[in-house]
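Summary of the model geometry
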Amino acid sequence: MTRTILKWALPLAAFLVAGPLWSVAVGSLRAPDGGHDITFLHAQSLPMSLAIGLGAFGVAGVLGLIAARVFGPRVGVWVWGLGLLWPAWLTGRMGVILRANPETGMLVMLAIEALLLGGGAIAGVALISRTHDAATGPDDEGRRVIPFAHKFEKQLRATFKTSAGLASLGAGLVGALGLAWVIGQTDMRGQALLAAFGAGVGAAVAGRLVGTSMAKDAPIAATFVAVALAGVIAPLIAIVYPGTNNLAASVIGHDLPGFLALQPADWAIGLLLGVPTGLSWVGELEQLEAHKAAPARP
């Protein structure tokens, strides 16, 4: 009975209590020009914005750790992502930010923020993955071929040391940027978050399919790294295309590449919510293929 209550209570607490409460704090932040469109590094009071961002990140992470302890890492990561949805929603529209600040420095700052948030999210997933053995039941055993949290830190190292890991990372990066470009047709916060979720799913599907085509034990962690890396690379691409001289005109003409509609916080949402979803879909396909390949019993 307690597990059933917690199964519903923890996601609801993250999405309907912790997230909205921290979003009020995020909504109180102001951009350097006095507007409401901010990022956690682009705000009038950097100490205040960092404190609020870390607070939202940490509280949602605690709920995720509790959920992971009871239900396994996959649920824990999901709960963490749900707790960050509202604070991410209240940050601001990237079109407004880039139109007012079409400089290389702004794009580099966005890349740095995405690096910090993406790196923090990956570190959090690694921490949550340590609950794998302590949880009441192994994460997704019997339903997916490889639980995504299994030896996560070892997978991170394999991402950069094996050809399958690098291939998975590259395919995931292309999938993340491509889906974000296609879905992010406007910088409206809802569509940007949807694009981030799609980017996470795209990275997981593309990365996993390419990785397993080279090695059955291709590191699943590569797909998480791909989304974090996409968040860093996206604003740096804008320095060349459309270029800082054309950035404001692209915003006004609604020609902004879709991946620039995403906040740094949005990429973290894609990593925490989109990647586990995509891995679940691919995992079902892997299980189906494994079942078909298994020899028939006499």
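Every value quoted in this text rests on a predicted model; they were computed, and no experiment measured them.

1. Some words on unusual backbone geometry
Residue Pro-242 follows Tyr-241 across a cis peptide bond; omega there is 5°. Take Pro-242: it is sitting in helix α9 (residues 221-252). Even without being a glycine, His-254 presents a positive backbone phi close to 60°. With relative accessibility at 70%, the residue His-254 sits in the exposed group.

2. Side note on empty space enclosed by the protein
Picture a little ball the size of a water molecule; that probe, rolled over the atoms, points out where space is still empty. Counting across every chain of the model gives 3 cavities of 30 Å³ or more. Estimated volume of the largest cavity: approximately 100 Å³. Considering the residues around the largest cavity, the lining is formed by Phe-40, Gly-53, Ala-56, Phe-57, Leu-84, Pro-87, Ala-88, Leu-117, Ala-265, Ala-268 and Ile-269. Among the residues forming the lining of the largest cavity, the class breakdown is 10 nonpolar, 1 polar and no charged. There is about 70 Å³ of room inside the second largest cavity. Taken together, Met-94, Leu-110, Gly-231, Ala-234, Pro-235, Phe-259, Leu-260, Leu-262, Gln-263, Pro-264 and Trp-267 make up the lining of the second largest cavity. Secondary-structure elements contributing two or more residues to the lining of the second largest cavity are α9 and α10 (264-293). When residues in the lining of the second largest cavity are grouped by element, the largest group, 3 residues, is from α9. Taken together, the residues that form the lining of the second largest cavity break down as 9 nonpolar, 2 polar and no charged.

3. What about the packing of helix α3 (residues 73-89) against helix α8 (residues 189-214)?
Interhelical geometry of α3 versus α8 gives an angle of 140° and a closest axis separation of 10 Å. On the basis of the axis angle, α3 is oblique to α8. Here α3 and α8 pass one another in a crossing that is right-handed. Taken together, the residues of α8 that come into contact with α3 (itself represented by Leu-85, Ala-88 and Trp-89) are Arg-189, Gly-190 and Leu-193. Partitioning the contact of α3 with α8 into residue classes produces 4 nonpolar, 1 polar and 1 charged.

4. Re the packing of α3 against helix α5 (residues 104-129)
The contact between α3 and α5 brings their axes to 9 Å, and the two run at 145°. Here the hand of the crossing between α3 and α5 comes out right-handed. Residue-level contacts link Pro-73, Gly-76, Val-77 and Trp-80 of α3 to Gly-120, Ala-121, Gly-124, Val-125, Ile-128 and Ser-129 of α5. By residue class, the composition of the contact of α3 with α5 is 6 nonpolar, 4 polar and no charged.

5. Overview of the nonpolar core
Ranked by size, the top nonpolar core spans 78 residues in total, and within it Leu-84, Leu-98, Phe-152, Trp-267, Leu-271 and Leu-272 carry the most contacts. Looking at this core, the element that brings in the most residues is α9, giving 12 residues. Here Leu-272 is in contact with Val-77, Trp-78, Trp-80, Gly-81, Leu-84, Ala-121 and Val-125, once residues within four sequence places are set aside.

6. Some details on the pattern of salt bridges
Inspection of every chain in the model, using the stated rule, returns 3 salt bridges. The partner of Glu-153 in a salt bridge is Arg-130, with the nearest N and O atoms 2.8 Å apart. Taken together, the residues Glu-153 in helix α6 (residues 152-161) and Arg-130 in the loop between α5 and α6 connect sequence positions 23 residues apart. Judged by its relative accessible area of 59%, Arg-130 is exposed. Residue Arg-189 is joined to Asp-266 by a salt bridge in which the shortest nitrogen-to-oxygen separation is 2.7 Å. Residue Arg-189 is found in helix α8, and its partner Asp-266 is found in helix α10; the two are separated by 77 residues along the sequence. Each member of the pair, Arg-189 as well as Asp-266, is classed as buried.

Rules used in this analysis
Residues numbered from 1 in each chain as written. Predicted model: local features only at pLDDT ≥ 70, side-chain atom pairs only at ≥ 80, totals over all residues. Heavy atoms only, no water. Helix = DSSP H or I, 4+ residues; strand = E, 2+ residues; numbered from the N terminus. Buried < 20%, exposed > 50% of the residue type's maximum accessible area, 1.4 Å probe, protein only. 1 Å grid on protein atoms, 1.4 Å probe; cavity = no way out; pocket = protein on both sides within 12 Å on 5 of 7 lines; lining within 4 Å. Points joined across faces, edges and corners; volume = space filled by probe spheres on them. Nonpolar A, V, L, I, M, F, W, Y, C, P; charged D, E, K, R; others polar. Axes fitted to C-alpha atoms, helices over the stretch in contact; angles between N-to-C directions. Parallel < 35°, antiparallel > 145°, perpendicular 65-115°, else oblique. Left-handed = near helix turned anticlockwise from the far one by under 90°. Contact = heavy atoms within 4.5 Å. Core = buried A, V, L, I, M, F, W, Y, C linked by side-chain atoms within 4.5 Å. Salt bridge = Lys/Arg side-chain N within 4 Å of Asp/Glu carboxyl O.

Honestly, that's just the spatial picture; any functional story needs more than this.
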